[in-house]
Amino acid sequence: MRRVVVGVSGTPGSLAALHRAAAEARVRDAQLWAVMAWQAPGGGLGSRGSCDAPVLARCRGAAVERLRRLLDLAFGAEPPGAALAGVTVRATPGAALVDAARGRDDLLVVGTGSRAPLRRLVRPSVARYCLAHAACPVLTVPPPPLQAELDAVRRRNLWHLPLDARELAP
């Protein structure tokens, strides 16, 4: 069966990608896979021996619960209109998504994430990784318009700039 695989992290961009993926799954009559990657405390996959089984089980459980909450937030009581599968994977986000969307008939949907230079330097782009490594088509979804406004507010708060009330009115 064809699948539409989408990365979910809880950011506004990933929720926009999730809604676009649901629309693509309906159009393609495909199964919708919402994938959330998680890592153990203290690092990535190289630190597998540093955590004991109960800690890993709690981390996995927290990731599953977070994914449930995000899917509930995204769709609420309205089903997405396609068969939905929530998947949590212990891996880096790019690798988890590329591995989940390994079929040629699959479609991988990812949000483009932040375009801020400092953030791109600190956190590698999942979308770029997926575009470079995926064996299936990749659809990148730009951030929602609200994201630009949120980023502007964060910058204003960072630099302690006063708020002009005229900016609040349309």
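Look a little higher up for the structure.
Going along each chain's sequence as written, the residues are numbered from 1 onward. Thresholds applied to this predicted model are a pLDDT of at least 70 for local features of residues and 80 or more for the giving and counting of side-chain atom pairs; totals over whole chains, interfaces and linings are not thresholded and use all residues. With hydrogens and water stripped out, all remaining heavy atoms of the structure feed into the side-chain values.

Undergrad: Mind showing me how you'd approach the packing of aromatic side chains here?
TA: Within a pair of aromatic rings, the relevant descriptors are the distance that separates the centres and the angle that separates the planes. Pairing of aromatic side chains requires ring centres within 6.5 Å, counting the rings of Phe and Tyr and the six-membered ring of Trp. Pairs whose planes differ by under 30 degrees are stacked, by over 60 edge-to-face, and all others tilted. Tallying each qualifying case throughout the model produces 0 aromatic pairs. The positively charged end of R3 is found above the aromatic ring belonging to W33, 4.3 Å away from the centroid. Sitting over a ring, as applied to charges here, requires NZ of Lys or CZ of Arg to be within 6 Å of the ring centre and within 35 degrees of the ring normal.

Undergrad: Any chance you could explain the sheet that holds strand β1 (residues 3-7) here in plain terms?
TA: One key point about sheets: their strands pair by backbone hydrogen bonds, in either a parallel or an antiparallel sense. Two strands are counted as paired when DSSP detects at least two bridges linking them. Segments assigned H or I by DSSP are reported as helices when at least four residues long, segments assigned E as strands when at least two residues long, and all are numbered from the N terminus. Pairing in this open sheet of 5 strands is parallel, and the strands run β3-β2-β1-β4-β5 from one edge to the other. Strand pairing shows two members of the sheet lacking a second neighbour, β3 (84-90) and β5 (138-141), which therefore form its edges. Taken over all neighbouring pairs, the strand axes of this sheet differ in orientation by 25° on average, direction set aside. Of the pairings in the sheet, the one linking β1 to strand β2 (residues 31-38) comprises 5 bridges and is parallel in character. Looking at the pairing, R3 lines up with Q31 of β2. Most of the contacts of helix α1 (residues 12-28) go to β1, to which it runs at about 175°, and overall it touches β1, β2, β4 (107-111) and β5. With axes taken as lines fitted to C-alpha atoms, and helix axes fitted only over the stretch in contact, angles between N-to-C directions fall between 0 and 180 degrees. Throughout, a contact is declared for two residues whenever any of their heavy atoms are within 4.5 Å.

Undergrad: Got a minute to help me understand the nonpolar core in this structure?
TA: Burial of nonpolar side chains together is a common tendency in soluble globular proteins. We call a set of buried residues a nonpolar core when its members are Ala, Val, Leu, Ile, Met, Phe, Trp, Tyr or Cys and they connect through side-chain atoms within 4.5 Å of each other. We call a residue buried when its accessible area falls under 20% of the maximum for its residue type, exposed when it is over 50%, and partly exposed in between, using a 1.4 Å probe and counting protein chains only. Among the nonpolar cores identified, the biggest contains 22 residues, and V4, V6, L18, L32 and V109 are the most heavily contacted of them. Within the residue set of this core, elements represented by two or more residues are β1, α1, β2, α2 (53-75) and β4. Broken down by element, the residue count for this core peaks at 6 residues, all from α1. Excluding its chain neighbours within four sequence positions, the residues that come into contact with V4 are A21, E24, A25, R28, A30, Q31, L32, W33, L107 and V109.

Undergrad: Can you help me understand α2 in this one?
TA: A turn of α-helix holds 3.6 residues, and therefore any two residues three or four places apart point the same way. Relative to the 33 Å expected for 23 residues at 1.5 Å per residue, α2 spans 33 Å between its end C-alpha atoms, a close match to the ideal helical length. The set of residues buried in α2 consists of L56, A63, L67, L70, L71, A74 and F75. Its buried side turned inward, α2 meets α1, β2 and β3. G76 sits one or two positions beyond α2 and adopts a positive phi of about 60°. Given a helix with a known number of residues, its expected span is that number minus one, times 1.5 Å.

Undergrad: Teacher, can you tell me more about unusual backbone geometry here?
TA: Phi is mostly negative for residues that are not glycine, and the peptide bonds are mostly trans. For D29, which is not glycine, the phi torsion reads 50° and is therefore positive. Along the chain, D29 falls in the loop between α1 and β2.

Undergrad: Please explain the pattern of salt bridges as it appears in this structure.
TA: Any two side chains of opposite charge can pair if their charged atoms end up close together. Any Lys or Arg side-chain nitrogen found within 4 Å of a carboxyl oxygen on Asp or Glu counts as a salt bridge. Using the criterion set out here, one finds 5 salt bridges in the structure. The salt bridge partner of D106 is R3, with a shortest N-O separation of 2.6 Å. Residue D106 is found in the loop between α3 (93-100) and β4, and its partner R3 is found in strand β1; the two are separated by 103 residues along the sequence. Comparing D106 with R3 shows no difference in burial state: the two are buried. Of the charged contacts, one joins E24 and R20 as a salt bridge, the two residues approaching to 3.2 Å between their closest N and O atoms. One end of the pair is E24 and the other is R20, both in helix α1 and 4 residues apart, which spans about a single turn. Linked through salt bridges whose partners overlap, the residues forming this network are R20, E24 and R28.

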